[in-house]
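# Summary of the model geometry
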Amino acid sequence: MTTTSVASGPTTANGVGADAPRPDGTPKVTGEFAYSSDLWHDDMLWGATLRSPHPHAVITGIDITDAVRVPGVYAVLTHEDVPGAKRYGLERQDQPVLAEDRVRYRGEPVAVVAADHPETARRAVERIQVDYEVLPPVTDPRTAAFDPTAPTVHRPGTVDAEPAHRSEGNRVRYQPIRTGAFLDGDPIEDLRTAADVVVTGEYEVGMQDQAFLGPESGMAVPAADGGVDLYVATQWLHVDQRQIAPCLALTEDKVRITLAGVGGAFGAREDLSMQIHACMLALRTNRPVKFVYNREESFFGHVHRHPATMRYEHGALNDGTLLYATCEIIVDGGAYASATPAVVGVASSLGLGPYEIPNARMDAYGVYTNNPPCGAMRGFGAVQACFGYESQMDRLAEALGLDPVEVRVRNAMSQGSQVITGQKIEAPLPMAEMLRRCAALPMPPAETETGPLALPGGVGGTTRGEGVVRGVGYGVGLKNLCFSEGFDDYSTARVRLEVVAGRPVAFVHTAAVEVGQGLVTIQAQIARTELGVEEVTVLPADTSVGSAGSSSASRQSYVTGGAVRAACSAVRERLADLARAKGHLPLATPTGGVRLGGDRMYGPDGSAPVDIATVLDGEVVEETREFRHRPTSALDPTTGQGDSHTQFGMCVHRAVVDVDTELGLVKVVALDAVQDVGRVLNPRQLLGQIQGGSTQGLGLALMEEIQVSSGKIQNPSFTDYLIPTILDTPPMRVEVLEHPDPNAPYGLRGAGEPPTLSSTPAVVAAVRAATGRALTRAPVRPEDITGVPEPE
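Residues numbered from 1 in each chain as written. Predicted model: local features only at pLDDT ≥ 70, side-chain atom pairs only at ≥ 80, totals over all residues. Heavy atoms only, no water.

### As for the layout of surface pockets
Stated precisely, the cut-off is as follows: Note on definitions: the grid is 1 Å and covers protein atoms alone; a cavity is a set of points where a 1.4 Å probe fits but cannot get out; a pocket is an open set with protein on both sides within 12 Å along at least five of seven lines; lining residues have an atom within 4 Å of a point. Grid points are joined across faces, edges and corners, and a volume is the space filled by probe spheres set on the points. Each helix is a run of H or I in the DSSP string that is no shorter than four residues. Each strand is a run of E no shorter than two, and both are numbered from the N terminus.
Each pocket or cavity is described by its volume, and for the second largest pocket that value is around 1000 Å³. Forming the walls of the second largest pocket are 39 residues, and the residues nearest its centre are Val666, Leu702, Met703, Leu722 and Asp728. At the level of secondary structure, the elements contributing two or more residues to the lining of the second largest pocket comprise strand S27 (665-676), helix H16 (683-702) and helix H18 (782-786). Here the lining of the second largest pocket gets 5 residues from one element, more than from any other, and that element is S27.

Now the structure itself:
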């Protein structure tokens with residue numbers, strides 16, 4: 001991995017560009033880290049939730065009498081007990097706090113209980129009687145999108161949405177995009193005639209779970225002022241506050257939220273789970289109330305990655321040059337909107353990938369069904385599309401007799417190119433270089449291992465080598481970074497510099513959520529770089545400071561990093577003013593010429609060093625700043641044109657697999673990556689992000705899928721929902737490029753999501769190459785490889 005360090009001052013260690021250690025790393029490894037499920041209060045009650053057993057039903061009656069009579073039960077609440085607004089939502093207020101007249105998915109919360117023991121709470125839940133009139137569920141996304149006779153999941157007029165994205169029937173959002181000749185009509189037959197080669201394909205991506213290890217949990221504590229203090233594992237403190245307060249009939253300042261230890265997130269904690277329920281019970285009982293979901297309930301209690309179906313057509317000339325492309329994408333949002341409108345925006349704008357295409361037609365739909373709700377997950381709509389367009393590029397290469405890398409290079413975008421929305425890529429995008437570098441990486445030897453792990457099937461010894469074929473595949477993904485489509489995307493940071501025990505210490509306070517990505521480390525590195533102090537304390541994230549937005553969209557290093565940098569700059573200016581006022585610097589010294597490092601301040605030429613503690617001399621300097629990236633705009637609802645994205649990231653993968661073609665078993669031998677990150681802030685953490693994202697993409701390619709039948713999840717456990725373990729994860733050679741983005745702090749480019757895009761199609765392409773089968777669906781199942789259906 002190539003890296004470039006950023007000079008932080010004369011002697012300051014662990015600044016930007018260094019392998020600064022994670023302050024939470026050792027406690028997490030040793031088991032001493034306090035997660036939200038570890039919260040405790042001597043006076044607390046335990047919460048539990050009654051959930052619908054049906055994907056679609058009318059509620060004709062609820063009887064809580066027997067539940068209330070259980071000894072140790074302090075409260076049983078239904079929708080009638082919600083003190084304020086009955087509905088909430090991440091983008092639309094369409095989700096009931098507790099089901100009212102009907103349920104729309106299996107697992108929807110109907111009632112909540114508070115008791116003095118978790119088993120007591122669960123027994124009380126079992127005694128709640130609910131009468132249902134079961135209705136047929138809407139489970140097919142295509143039917144939901146296009147059949148006018150299909151039942152509507154939400155009755156007209158019951159969903160609050162922006163006019164441009166208002167629902168029509170079961171459509172949450174429809175986004176068309178037209179470029180080139182498609183702006184003036186439908187010239188598809190003329191384009192097909194002009195093309196030398198036309199390839200079509202239909203693709204499907206299953207429902208993936210974020211599979212974080214720490215289940216949903218938190219504690220609500222009633223406050224003397226009539227408000228509530230909530231300690232919870234989440235991804236976005238202020239949007240939680242914004243949704244919770246109206247439902248409790250409280251002002252936002254009466255709902256104070258502090259981040260508790262987060263055991264993974266990957267998008268699923270952007271939506272509320274137990275937050276409102278815990279607060280309602282705490283306010284009703286005047287006791288702290290704690291919720292901890294078990295693993296099965298967690299599968300019902302959070303959103304998942306949208307399943308998608310896609311239809312593509314590409315036309316090209318004999319030399320491989322793309323002439324046109326069309327695409328239809330349908331993503332299944334499930335029962336409630338969650339992030340579906342934004343997912344449709346991403347899937348449509350990036351749905352044809354990082355390729356120069358003069359004529360494009362895109363139609364993207366997000367729909368309501370009675371399937372489990374779907375929302376944010378790492379990659380956010382771009383993952384599904386990437387599997388489709390990369391599969392198409394492999395088909396095109398095969399049809400033209402070209403190398404799959406070469407056909408991508410010939411159509412590669414670069415700085416100055418335009419995506420299909422008309423937005424120009426202003427920062428470096430060395431796609432062709434990345435492809436060639438990835439192809440040039442050393443291949444693994446024919447036999448990389450010996451023993452039981454050397455072959456597909458692993459320790460089970462299922463195969464002995466007969467029928468095993470090796471395959472190689474490539475994938476490229478283009479991902480937007482930060483929020484898009486005109487969203488007011490900003491972060492707030494408060495930085496204080498003071499002397500503690502004779503040394504200057506910087507305190508950084510933001511509401512930015514650490515979900516395991518290393519954000520706490522990055523904030524401290526920036527403060528060390530900008531203020532030249534060795535000791536930095538990052539204070540717990542809470543709502544007493546301004547919003548930092550969500551820990552999603554690969555945005556926190558950019559936006560919160562920018563806010564911390566801006567606040568530090570303001571503190572540095574104040575410090576320079578103090579130094580001049582106290583005679584430690586000549587009055588004519590420009591603030592920009594002052595250098596900080598090793599707890600000392602230096603003049604422009606490195607002269608007149610003075611201890612920062614001496615300059616402060618008991619004073620405290622504190623500044624708060626907001627940081628916003630450049631503005632974006634909504635996509636035109638008719639043509640899809642618009643500068644909707646802040647920044648673009650890209651990763652290229654090469655997968656090498658061994659496949660037992662007779663048994664349908666796959667061993668990923670290598671999964672190598674080349675990624676441009678603009679500027680490396682912390683090499684070790686960056687490597688972890690790329691390898692982790694690659695592993696999630698491998699999981700989607702081969703094993704991870706929530707099985708849904710008639711609207712019901714069939715495998716809500718880690719016994720039946722499989723995720724890659726260390727035995728499934730291959731060696732990963734990673735090459736990092738640094739072409740700084742001039743618009744971003746330190747030139748950085750968000751790095752967390754791009755590897756998740758390109759790893760899935762690379763692995764599937766490698767299996768395709770080994771087997772010769774079309775493999776149009778992810779994850780690939782054994783029967784897809786063998787051609788032998790699984791027994792019923």
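### Some details on the packing of helix H6 (residues 237-248) against helix H7 (residues 275-285)
Our working definition: An axis is simply a line fitted to the C-alpha atoms; with a helix, the fit covers only the stretch in contact. Between two such axes, the angle follows the N-to-C directions and lies from 0 to 180 degrees. Roughly parallel covers angles under 35 degrees, roughly antiparallel covers those over 145, roughly perpendicular covers 65 to 115, and oblique covers all other angles. A crossing counts as left-handed when the near helix is turned anticlockwise from the far one by less than a right angle, and as right-handed when that turn is clockwise. A contact between two residues is defined here by any heavy atoms of the two lying within 4.5 Å. Residues are sorted three ways: Asp, Glu, Lys and Arg are charged, Ala, Val, Leu, Ile, Met, Phe, Trp, Tyr, Cys and Pro are nonpolar, and all the rest, Gly among them, are polar.
Their axes nearest at 10 Å, the elements H6 and H7 cross at an angle of 40 degrees. By the angle between their axes, H6 is oblique relative to H7. For the element pair H6 and H7, the recorded crossing hand is right-handed. Facing H6, whose interface residues are Asp240, Gln243, Ile244, Cys247 and Leu248, H7 presents Gln275, Ile276, Cys279, Met280 and Leu283. Of the residues assigned to the contact of H6 with H7, the class counts are 7 nonpolar, 2 polar and 1 charged.

### Side note on the packing of aromatic side chains
Put simply, the rule reads: Aromatic rings from Phe, Tyr and Trp, taking only the six-membered ring of Trp, are treated as a pair when their centres fall within 6.5 Å; an angle between ring planes under 30 degrees marks them as stacked, one over 60 as edge-to-face, and anything in between as tilted. Three exposure classes are used, based on accessible area relative to the maximum for each residue type with a 1.4 Å probe and protein chains only: buried under 20%, partly exposed in between, and exposed over 50%. Sitting over a ring, as applied to charges here, requires NZ of Lys or CZ of Arg to be within 6 Å of the ring centre and within 35 degrees of the ring normal.
Applying the stated criterion to the full structure yields 14 aromatic pairs. Seen from their ring centres, phenylalanine 146 and tyrosine 365 are 4.9 Å apart, and the 75 degrees between their planes marks the pair as edge-to-face. Of this pair, phenylalanine 146 sits in helix H4 (residues 141-146) while tyrosine 365 sits in strand S17 (residues 359-367), placing them 219 residues apart in sequence. Accessibility expressed as a relative area gives 31% for phenylalanine 146, which makes it partly exposed. For tyrosine 365, a relative accessible area of 9% translates into the label buried. Between arginine 51 and the ring centre of tyrosine 293, over which it is positioned, the NZ or CZ distance is 5.0 Å.

### Topic: the sheet that holds strand S13 (residues 255-259)
Strand pairing within a sheet occurs via backbone hydrogen bonds; the two strands may be parallel or antiparallel. For clarity, the threshold we go by: Two strands pair if DSSP finds at least two bridges between them.
Within the open sheet, the 7 strands sit side by side as S3-S7-S1-S14-S11-S12-S13. Their pairing is mixed. Across the chains shown, the open sheet's two edge strands, defined by having one partner strand only, are strand S3 (73-77) and S13. Along the sheet, successive strands turn relative to each other by an average axial angle of 20 degrees, direction set aside. Relative to S13, strand S12 (residues 228-232) runs parallel, the two being bridged by 5 bridges. In the sheet register, aspartate 229 faces S13, and the bridge partner there is arginine 256. Along the sheet, helix H3 (residues 118-126) contacts strand S1 (45-51), S3 and strand S7 (109-115); its crossing angle with S1, the most-contacted strand, is approximately 30 degrees.

### As for helix H12 (residues 431-440)
Selection rule: To be clear, the arc concerns the directions from the helix axis to the C-beta atoms.
Listed as buried for H12 are Met431, Met434, Leu435 and Cys438. Mapping the buried residues of H12 onto a view down its axis gives an arc of 100 degrees, with all of them on the same face. Buried residues belonging to H12 abut helix H11 (404-410), strand S18 (468-481), strand S26 (647-660), S27 and strand S30 (734-737).

### Thoughts on the state of the cysteines
The test is simple: Note that a disulfide, as used here, is simply two cysteine sulfur atoms within 2.5 Å.
Per the stated rule, a full pass over the model turns up 0 disulfides. Cysteine 247 forms no disulfide, and the closest cysteine sulfur to it belongs to cysteine 279, at a distance of 10 Å. According to the relative accessible area criterion, cysteine 247 is buried, its value standing at 0%. In this structure cysteine 374 is a free cysteine whose sulfur lies 18 Å from that of cysteine 327, the closest cysteine sulfur available.

### Focus: the pattern of salt bridges
For clarity, the threshold we go by: Should a side-chain nitrogen of Lys or Arg be within 4 Å of a carboxyl oxygen of Asp or Glu, the pair is scored as a salt bridge.
Per the stated rule, a full pass over the model turns up 48 salt bridges. Two residues, arginine 192 and glutamate 313, come together in a salt bridge whose shortest N-O distance is 2.7 Å. Residue arginine 192 is located in helix H5 (residues 188-194), and its partner glutamate 313 is located in strand S15 (residues 308-316); the two are separated by 121 residues in the primary sequence. Between arginine 600 and aspartate 611 there is a salt bridge, and its shortest N-O distance comes to 2.9 Å. Of the two residues, arginine 600 is situated in strand S23 (residues 600-602) and aspartate 611 in strand S24 (residues 610-611); the sequence distance between them amounts to 11 residues. Of the residues examined, arginine 600 reaches a relative accessible area of 30% and is grouped as partly exposed. Classification of aspartate 611 as partly exposed rests on a relative accessible area of 34%. Residues participating in the shared-partner salt-bridge network are Arg22, Asp24, Lys28 and Glu514.

### Brief notes about unusual backbone geometry
A cis amide bond links alanine 778 to the next residue, proline 779, at an omega of 5 degrees. Mapped onto the fold, proline 779 is located in the loop between strand S31 (777-778) and H18. One non-glycine residue, alanine 553, lies in the positive phi region at around 60 degrees. With respect to the helices and strands, alanine 553 occurs in the loop between strand S21 (535-538) and helix H14 (556-581). Residues other than glycine seldom take positive phi values, yet aspartate 617 does so here, at roughly 50 degrees. Within the secondary structure, aspartate 617 sits in the loop between helix H15 (612-616) and strand S25 (621-628).

### Brief notes about the side chain of serine 491
As a reminder of what qualifies: Counting of polar contacts relies on pairs of N or O atoms within 3.5 Å, with two restrictions inside protein: one atom must be capable of donating a hydrogen and the other of accepting it, and residues adjacent in sequence are counted only when both atoms are side-chain atoms.
Its place among the elements puts serine 491 in strand S19 (residues 490-500). Within polar-contact distance, the side chain of serine 491 engages the side chain of threonine 560 at 2.7 Å. With residues up to four places along the chain from it excluded, the contact list for serine 491 reads Ser547, Ala548, Val559, Thr560, Ala563, Arg625, Glu626 and Phe627.

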